[in-house]
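Coordinates in review
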Amino acid sequence: MHLAYPAVLSALLFCTGLYGVLARRNAILVLMSVELMLNAVNLNLVAFDVWLSRAAKETLHSGQALTLFTIAIAAAEIGIGLAIVLAVYRNRGTSDIDKLRDTAEGPEATGPDTGGPGTSAAEKAEATA
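Residues numbered from 1 in each chain as written. Predicted model: local features only at pLDDT ≥ 70, side-chain atom pairs only at ≥ 80, totals over all residues. Heavy atoms only, no water.

This paragraph deals with the overall build of the protein chain. Across its full length, the protein chain holds five helices and zero strands. Listing every helix and strand of the protein chain by position from the N terminus yields α-α-α-α-α. Here the protein chain, with 129 residues, has 22% of them falling under the buried criterion. Total accessible area computed for the protein chain in this model is approximately 9,400 Å², and 65% of it derives from carbon and sulfur atoms. (Helix = DSSP H or I, 4+ residues; strand = E, 2+ residues; numbered from the N terminus. Buried < 20%, exposed > 50% of the residue type's maximum accessible area, 1.4 Å probe, protein only. Areas by Shrake-Rupley, 256 points an atom, 1.4 Å probe, with all protein chains shown as cover.)

Structure below.
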């Protein structure tokens, strides 16, 4: 088998995962997209390991060893990520990333000059006049 087939499949998987990370609003779907991107990297590591082992006499299979480490790191990442998503869902009642981002940033303009929450009614009237 040529190296182009797994490389093209890996590129398609990675692009699909990248689109999922950038376009999805649900945190669990974003985590699944990250896993898809990691699996594309694993496919590349194994494909290039097989391709390079044909050229070399002594094979160490370092690509397959790196793939095992990547799988272990991905398993830990998904476990911690799901725990964080569940904790946020329990506290806030949603796993929508846009809503969580809005609550984390708070109001954009605060202070006495802009009429934020720290100003009195008289100061707000002066600022608008």
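Picking up where we left off.
With that settled, the discussion passes to the environment of Ser53. Relative to the helices and strands, Ser53 resides in helix H2 (residues 27-55). Leaving out residues up to four positions away in the same chain, Ser53 has contacts with Thr59 and His61. At a separation of 2.9 Å, a polar atom in the side chain of Ser53 contacts the main-chain carbonyl oxygen of Val50. (Contact = heavy atoms within 4.5 Å. Polar contact = N/O pair within 3.5 Å; in protein donor to acceptor, adjacent residues only side chain to side chain.)

Right, let's get into the side chain of Asn42. In this fold, Asn42 is placed in helix H2. Residue class for Asn42 comes out buried when judged on its relative accessible area of 7%. When neighbours within four sequence positions are excluded, Asn42 is seen to be in contact with Thr67, Thr70 and Ile71.

A cluster of nonpolar side chains, contributed by Phe14, Leu18, Leu22 and Val41, occupies part of the molecular surface with about 350 Å² of accessible area. The greatest single-element share of the nonpolar patch, amounting to three residues, is contributed by helix H1 (residues 4-23). (Patch = residues over 30% accessible without salt bridge, like charges linked within 9 Å, V, L, I, M, F, W, Y side chains within 5 Å. Salt bridge = Lys/Arg side-chain N within 4 Å of Asp/Glu carboxyl O.)

Glancing now at H1. One turn of an α-helix holds 3.6 residues; hence residues three or four places apart share an orientation. When the terminal C-alpha atoms of H1 are compared, their 28 Å separation across 20 residues agrees well with the 28 Å that a helix rising 1.5 Å per residue should span. Turning to H1, its buried residues number three or more, namely Pro6, Ser10, Gly17 and Gly20. Viewed end-on, H1 has its buried residues packed into an arc of 85°, placing them on one side of the element. Within H1, the exposed residues directed more than 90 degrees away from the buried face are Leu12, Tyr19 and Leu22. On its buried face, H1 is in contact with H2. (Expected span 1.5 Å × (residues − 1). Arc of directions from axis to C-beta.)

Further remarks concern the environment of Gly63. Within the secondary structure, Gly63 sits in helix H3 (residues 62-92). Residue classification places Gly63 among the buried positions, given a relative accessible area of 7%. Distance in space between the C-alpha atoms of Gly63 and Leu43 is 9.6 Å, their sequence separation being 20 residues.

This brings us to the packing of aromatic side chains. Following the criterion strictly, the structure yields one aromatic pair and no others. Look at Phe48 and Trp51: their rings are 6.2 Å apart centre to centre, the planes differ by 85°, and that puts the pair in the edge-to-face class. In this pair, Phe48 and Trp51 both sit in helix H2, three residues apart, roughly one turn of the helix. Phe48 gets classed as partly exposed once you look at its relative accessible area, which sits at 34%. (Phe/Tyr/Trp six-rings, centres within 6.5 Å; stacked < 30°, edge-to-face > 60°.)

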